[in-house]
Structure formats: C-alpha cells, structure tokens
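Per-entry structural report
One letter stands for each residue in the lines below.
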Amino acid sequence: MLLRTGKGGAEMIYVVGLGPGGPEQITPRALAALEKCDLIVGYKAYIELVRPIFEGRKELVASPMKRERDRCEEALKLSLSGRTVGLISSGDPGIYGMAGIMLEVARDRTKVEIIPGITAAASSASILGAPLMHDFAVISLSDLLTPWELIERRLRAAAEADFVICIYNPASHGRPDHLARAAAILMETLPGSRAAGWVRNAGRDEESFGLTTLDGLKEAPIDMFCTVIIGNSATRVINGRLITPRGYRHPTDGED
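The following paragraphs examine the structure supplied in this document. On a predicted model such as this, the values are computed, not experimentally measured, just so you know.

**Section: a nonpolar patch on the surface**
A cluster of nonpolar side chains, contributed by Ile95, Tyr96, Phe136 and Val138, occupies part of the molecular surface with about 350 Å² of accessible area. Mapped onto the elements of the fold, Phe136 is located in strand β7 (residues 136–140).

Here is the structure:
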C-alpha cells in the first residue's frame, strides 16, 4: 500500500478489521497493529470487543452508531497531535467498514494503513458449509446510504446472472420487511425453493444459524446481526451443509 507522508514522523492511523468478533478471530497482523497504537477509536459495540484485550493498557474512545465521519475526524485530530491511532471495524474495514471514509477524511494529512479482517460473508459461509465456492455478489439491504431503488436493481441483476447472493444488513427495527421485499424481488427470477441459509452473530458466543429456502427466509429469525446467503442454481444441501460446487470436471482440471 502507498503511504503518504504526514506532517510528523509519529502520525499514523491503523484502520483495523476485528473479524466476526471473537478475540481468537482477530488476525495476528490486526493485533500487532493495535499494539502499536496509543489509543483505539471505534463504535461502542466494537470497543467492547477489544476491551478485554486492551483495558488498562490503551486509551479506548467509544462513539455511538451513525457517527462514522465524526469518528474519522476525531481519529485524524488525534493522529495530527502526534499519537498513533487505531480505528476499528468489525469484519473487514474495507467492506462496508471505516476504511473508505477514513481515507477520504485523512487525504494526505497523515499516514493511513488498512489492516484487513475476516468479513461476515467468509465467516458465515464457513458456518453454513461452502456456499461461496463460485462467483458471488454481496448486497447490503440498508437504504440509509443507498436508495432502495438501486438496491432493487442490484438484486435483480444478481438473480439474472445466477450469482450466489450474500446479503448484509437484512433487517432491523427500522426496516423489518426489507428481507421479505428482497426475497420477493429475487423470486421474480429465482424459484422459491432455491437453497439458502442464515447466520446470526457469526463467531460470537450467541452464534446461531439455519438452512432454509429463498421463500422460507420470511419465516426465519433474521435481524440486523444476521448474514443471509442464497445459493445459485447449482447450490445444494449435502449432509446438512450448504455447498456450491466449483465445477471441477476432473481432479487435474481444477484451479487452485
């Protein structure tokens, strides 16, 4: 990664992905970056994920939801004061996380390094089986920043292209019907019997999951803590696991 030189030698922001949430799922690189930091900034729920590791050793700065830009402005201000700052996201900071906005805010005023983490698509897929073995699309159903009309277009395009579809932010208190609306849009093209699965709190103590169908998603206990995966035309449930064949024709024909 190209790092731009800031105004002082000590100025640095590490934008760090924590993975699904369990301490054992934070990568060694992420932990090493946070160890270099003077303080750690993040949404309050994510600060609680690292508190058992850094309480008493690092200053922890929590902020509420929907304050992403303010969080980045604060991280920049602290960095420009000569401190090394860790800005944390769950999952991977470059996938619906803090990396993009931090780079936009920082520009060339300080150094920024992005530390990847295990995203919800990968962690949820491993719990369900191997549903992402072929091409897949990731679509968020949150319309806070994306118009619903554009989300609908993306759902229809993914269905037409026979992608496995991984859905982030499938439902919340403010939009409890979004997943049902999305499923109805997908069923304009896909059969309701299409294999699907959901995972709640992947990698955390409260983890739960289930296998169902596209049509059955409307009955599943899905909320904002869930990730949903809908298979493509080749996806099958085999021995209780959701599997999308890669399409290997012979052991010597496949790619690594």
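**Overview of the pairing of strand β9 (residues 195–200)**
Taken across its six residues, β9 has five buried, putting it largely inside the fold. Relative to strand β10 (residues 208–213), β9 runs antiparallel, the two sharing six bridges. Note on β10: the bridge partner recorded for Gly197 is Leu211. Pairing of β9 with strand β11 (residues 226–230) involves five bridges; the strand directions are antiparallel. Within the sheet, the bridge partner assigned to Gly197 lies in β11 and is Ile229.

**Considering the sheet that holds strand β8 (residues 164–168)**
Across the sheet, which stays open at both edges, the five strands sit in the order β7-β8-β11-β9-β10 with mixed pairing between neighbours. Lying at the two open borders of the sheet, with one neighbouring strand each, are β7 and β10. For this sheet the average axis-to-axis angle between neighbouring strands, irrespective of direction, equals 15 degrees. Taken strand by strand, helix α5 (residues 120–128) contacts β8, β9, β10 and β11, and its axis lies near 70 degrees from that of β11.

**Observations regarding the packing of helix α6 (residues 148–160) against helix α7 (residues 178–186)**
Closest axis-to-axis distance for the α6/α7 pair is 9 Å, and the angle between their directions is 45 degrees. In terms of axis orientation, α6 runs oblique to α7. The hand of the α6/α7 crossing is right-handed. Residues Trp148, Glu152, Leu155, Arg156 and Ala159 of α6 lie in contact with α7, whose contacting residues are His178, Arg181, Ala182, Ile185 and Leu186. A breakdown of the residues in the contact of α6 with α7 according to their chemical character gives six nonpolar, one polar and three charged.

**A closer look at unusual backbone geometry**
Its identity is not glycine, yet Asn169 carries a phi of approximately 50 degrees, on the positive side. Take Asn169: it is sitting in the loop between β8 and α7. With a relative accessible area of 28%, Asn169 lands in the partly exposed category.

Parameters and conventions
Residues numbered from 1 in each chain as written. Predicted model: local features only at pLDDT ≥ 70, side-chain atom pairs only at ≥ 80, totals over all residues. Heavy atoms only, no water. Patch = residues over 30% accessible without salt bridge, like charges linked within 9 Å, V, L, I, M, F, W, Y side chains within 5 Å. Areas by Shrake-Rupley, 256 points an atom, 1.4 Å probe, with all protein chains shown as cover. Salt bridge = Lys/Arg side-chain N within 4 Å of Asp/Glu carboxyl O. Helix = DSSP H or I, 4+ residues; strand = E, 2+ residues; numbered from the N terminus. Buried < 20%, exposed > 50% of the residue type's maximum accessible area, 1.4 Å probe, protein only. Pairing = 2+ DSSP bridges. Axes fitted to C-alpha atoms, helices over the stretch in contact; angles between N-to-C directions. Contact = heavy atoms within 4.5 Å. Parallel < 35°, antiparallel > 145°, perpendicular 65-115°, else oblique. Left-handed = near helix turned anticlockwise from the far one by under 90°. Nonpolar A, V, L, I, M, F, W, Y, C, P; charged D, E, K, R; others polar.

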